Amino acid sequence: MAEWCEVQLHHQTRFYYTGNGCLVRLYSPIALHLTESVSFCTSQGKNKRLTKGKKGSRKKAVDPFLKKEWYKLQAPSMFANKDFGKTIITKTAGQKIASEGLKGRIVEVSLADLQNNEDFAYRKIKLCIEDVQGYNCLTNFHGMDMTRDKICSLIQKRQTIIEANVDVKTSDGYIARLFCIAFTKKDKDQIKETCYAKSAQVRGIRAKMVEYMSELGGKGDLKTLVHTLVTADCGKDIEKSARSIFPIKECYIRKVKILKKPKFDVTALMEWHNEDSTSADTGKKVAPEEEAVAGSGGRY
């Protein structure tokens with residue numbers, strides 16, 4: 001037999017609590033006979049998903065690449081290979097414009113791919129996407145570096161490493177930081193195993209490096225600087241100037257960082273991508289001429 005007690009009175013609804021853990025709601029006051037045995041059946045514990053939808057009605061996974069589109073990357077005209085790759089971006093949706101998401105993206109590419117010459121495989125060029133025209137991304141120079149394996153192959157025992165860096169400002173408003181590296185070498189017919197340079201000699205060679213890089217960066221615009229770094233052998237010039245102090249070898253301008261750029265100008269960017277005289281010198285190998293044997297009618 002259940003024991004009853006009134007718990008709450010709200011409007012005309014009465015709630016009664018039974019001893020076996022059941023709560024009964026009565027919508028009108030009625031007489032309850034405590035002498036009668038009342039049994040209740042309640043469900044406790046699990047959620048019966050009465051308010052939820054059907055089980056397994058989740059969203060189907062959509063391939064994210066269906067919302068993407070590809071854009072071509074175009075290098076400046078000073079390089080032999082202008083179309084060097086593609087990049088991917090989510091399609092324009094609402095206020096999120098695809099071309100705005102591409103601007104400022106940095107791309108790193110090997111100079112060997114840009115020049116179609118495997119001799120420059122140790123050089124890495126960083127290009128920055130500055131403008132988007134249709135599905136073409138126009139890039140500008142952003143930096144240069146050397147591969148790690150190349151630098152590691154240069155470092156050896158029993159020699160001195162000489163490094164220098166300097167900030168230069170080009171005529172068109174770019175501020176770049178140039179890094180140079182070189183290694184001492186043995187003199188001709190030297191018997192001694194080591195070729196360490198004294199601290200005064202290292203300072204003198206470093207001053208020669210800074211002087212050369214400052215002159216190189218300040219004599220023209222960024223386009224001239226990049227063209228010189230890509231095509232000319234700047235390390236040989238530094239080696240010649242430092243020969244009187246101490247013989248050095250494997251001299252490279254190993255890294256270039258762009259610290260500051262002027263305000264974006266479309267006209268200036270298009271000058272990088274217009275075909276001009278600088279695009280002729282790409283550093284390609286020239287095939288040797290074949291010489292005919294005299295008296296053979298041009299045949300060997």
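Residues numbered from 1 in each chain as written. Predicted model: local features only at pLDDT ≥ 70, side-chain atom pairs only at ≥ 80, totals over all residues. Heavy atoms only, no water.

Digging into the overall build of the chain
Helices and strands together make up the secondary structure of the chain, namely 7 helices and 11 strands. Looking at the chain as a whole, 35% of its 300 residues are labelled buried. Counted over contacts in the chain with a minimum sequence separation of 6, partners at least 24 positions apart contribute 58%. With the model as given, the accessible surface of the chain reaches about 20,100 Å², and the carbon-plus-sulfur share is 50%. (Helix = DSSP H or I, 4+ residues; strand = E, 2+ residues; numbered from the N terminus. Buried < 20%, exposed > 50% of the residue type's maximum accessible area, 1.4 Å probe, protein only. Contact = heavy atoms within 4.5 Å. Areas by Shrake-Rupley, 256 points an atom, 1.4 Å probe, with all protein chains shown as cover.)

Regarding the side chain of threonine 170
Within the element layout of this structure, threonine 170 appears in the loop between β9 (161–169) and β10 (175–184). Its relative accessible area of 4% is what places threonine 170 among the buried residues. Only 2.5 Å separates the side chain of threonine 170 from the side chain of aspartate 172, close enough to count as a polar contact. Here threonine 170 is in contact with Gly217, Gly220, Asp221, Leu222 and Leu225, once residues within four sequence places are set aside. (Polar contact = N/O pair within 3.5 Å; in protein donor to acceptor, adjacent residues only side chain to side chain.)

Considering the environment of asparagine 117
With respect to the secondary-structure elements, asparagine 117 resides in the loop between α2 (111–115) and β7 (123–133). Of the residues examined, asparagine 117 reaches a relative accessible area of 7% and is grouped as buried. A polar contact is formed between the side chain of asparagine 117 and the backbone nitrogen of aspartate 119, at a distance of 3.1 Å.

Thoughts on helix α4 (residues 199–218)
An α-helical turn contains 3.6 residues, so a residue and the one three or four places further along point in the same direction. Look at α4: 28 Å from first C-alpha to last across 20 residues, which is about the 28 Å you get at 1.5 Å a residue. Along α4, the residues classified as buried are Val202, Ile205, Met209, Tyr212, Met213, Leu216 and Gly217. Down the axis of α4, the sector holding all buried residues measures 125°, keeping them to one side. Among the exposed residues of α4, those oriented more than 90 degrees off its buried face are Arg203, Glu211 and Glu215. Considering only its buried residues, α4 is in contact with β9, β10, α5 (222–231), α6 (234–242) and β11 (248–260). (Expected span 1.5 Å × (residues − 1). Arc of directions from axis to C-beta.)

Thoughts on the packing of α4 against α6
Running from amino to carboxyl end, α4 crosses α6 at an angle of 135°, the nearest separation of the two axes being 10 Å. When the axes of α4 and α6 are compared, the pair comes out oblique. Of the two possible hands of crossing, α4 and α6 adopt the one that is right-handed. Contact residues: Ile205, Lys208, Met209, Tyr212 and Leu216 in α4; Cys234, Asp237, Ile238, Ser241 and Ala242 in α6. In terms of residue class, the contact of α4 with α6 is built from 7 nonpolar, 1 polar and 2 charged. (Axes fitted to C-alpha atoms, helices over the stretch in contact; angles between N-to-C directions. Parallel < 35°, antiparallel > 145°, perpendicular 65-115°, else oblique. Left-handed = near helix turned anticlockwise from the far one by under 90°. Nonpolar A, V, L, I, M, F, W, Y, C, P; charged D, E, K, R; others polar.)

Thoughts on the pairing of β11
One ladder, built from 2 bridges, connects strand β8 (residues 136–146) with β11; its direction is antiparallel. Considered in β11, the bridge of methionine 144 is made with valine 256. As paired strands, β10 and β11 are joined by 9 bridges and run antiparallel to one another. Across the sheet, the residue bridging to threonine 184 is isoleucine 248, located in β11. (Pairing = 2+ DSSP bridges.)

With respect to unusual backbone geometry
Of note in this structure, arginine 158 is not a glycine but carries a positive phi near 60°. Looking at the secondary structure, you find arginine 158 in the loop between α3 (148–154) and β9. The phi angle at aspartate 189 is positive, at roughly 60°, despite the residue not being glycine. For aspartate 189, the position within the fold is in the loop between β10 and α4. Using a relative accessible area of 72% as the deciding quantity, one classes aspartate 189 as exposed.

Everything listed here is a matter of geometry and, on its own, says nothing about what the molecule does.
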